[in-house]
Amino acid sequence: MDVVTPTTCRFACLPKREDDMSTTTGIPGYELTEDLLLRELRHLHQTRNETFLHGSPDALREHTARTFELEQEYLRRHPEREVDPRRTRSGARGEPQHA
C-alpha cells in the first residue's frame, strides 16, 4: 500500500500511485468558490476518522490527497489567516504569548 504523508506530498494534486499520473477526483480546488471550498473541507474533516479506520487503501489515499489539495488551496487564499496562539508550540506549552 502506498502511504501519502505530508512530507511526501509536495503538490496540490497527487498521483494515486507512482505508475498512475491521474490526480484526485473532484473539481480542482482553485476552481471552487469560497463557499464550496469551505463546504468541501468541512465534509472531508467530518469524514476523516471513518475513512481512516474503515476505508480501503484507495479510499484513504484519495481522501488524504483531496484533503491536502483543498487545505493547500485554502492556505493559498488566506496566507494571513488568524492563528490562535494556543495552537502554536509555545502556546500549547503555556508559555507567555507576545503580541
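We now turn to the structure provided with this report. (Residues numbered from 1 in each chain as written. Predicted model: local features only at pLDDT ≥ 70, side-chain atom pairs only at ≥ 80, totals over all residues. Heavy atoms only, no water.)

Observations regarding the pattern of salt bridges
Here's step 1: Per the counting criterion, the structure on display carries seven salt bridges.
Here's step 2: Between Glu-34 and Arg-77 there is a salt bridge, and its shortest N-O distance comes to 3.1 Å. Placement of Glu-34 in helix H1 (residues 34-54) and of Arg-77 in helix H2 (residues 57-77) is noted, with a sequence separation of 43 residues between them.
Here's step 3: Where Glu-40 meets Arg-66, a salt bridge forms, and the shortest distance between an N and an O atom there is 3.6 Å. Of this pair, Glu-40 sits in helix H1 while Arg-66 sits in helix H2; the two residues are 26 residues apart in sequence, bridging distant segments of the chain.
Here's step 4: Glu-40 sits in the partly exposed class, given a relative accessible area of 27%.
Here's step 5: Here the salt bridges share partners, and the residues they tie into one network are Glu-34, Glu-73, Arg-76 and Arg-77. (Salt bridge = Lys/Arg side-chain N within 4 Å of Asp/Glu carboxyl O. Helix = DSSP H or I, 4+ residues; strand = E, 2+ residues; numbered from the N terminus. Buried < 20%, exposed > 50% of the residue type's maximum accessible area, 1.4 Å probe, protein only.)

Points about the nonpolar core
Generally speaking, soluble globular proteins have nonpolar side chains that are buried together.
Here's step 1: Residues Leu-32, Leu-37, Leu-41, Leu-44 and Leu-70 constitute the largest nonpolar core, which totals five residues.
Here's step 2: With three residues, the top contributor of residues to this core is H1.
Here's step 3: Among residues more than four places away in sequence, those in contact with Leu-32 are Ile-27, Leu-37, Glu-40, Arg-66, Leu-70 and Arg-77. (Core = buried A, V, L, I, M, F, W, Y, C linked by side-chain atoms within 4.5 Å. Contact = heavy atoms within 4.5 Å.)

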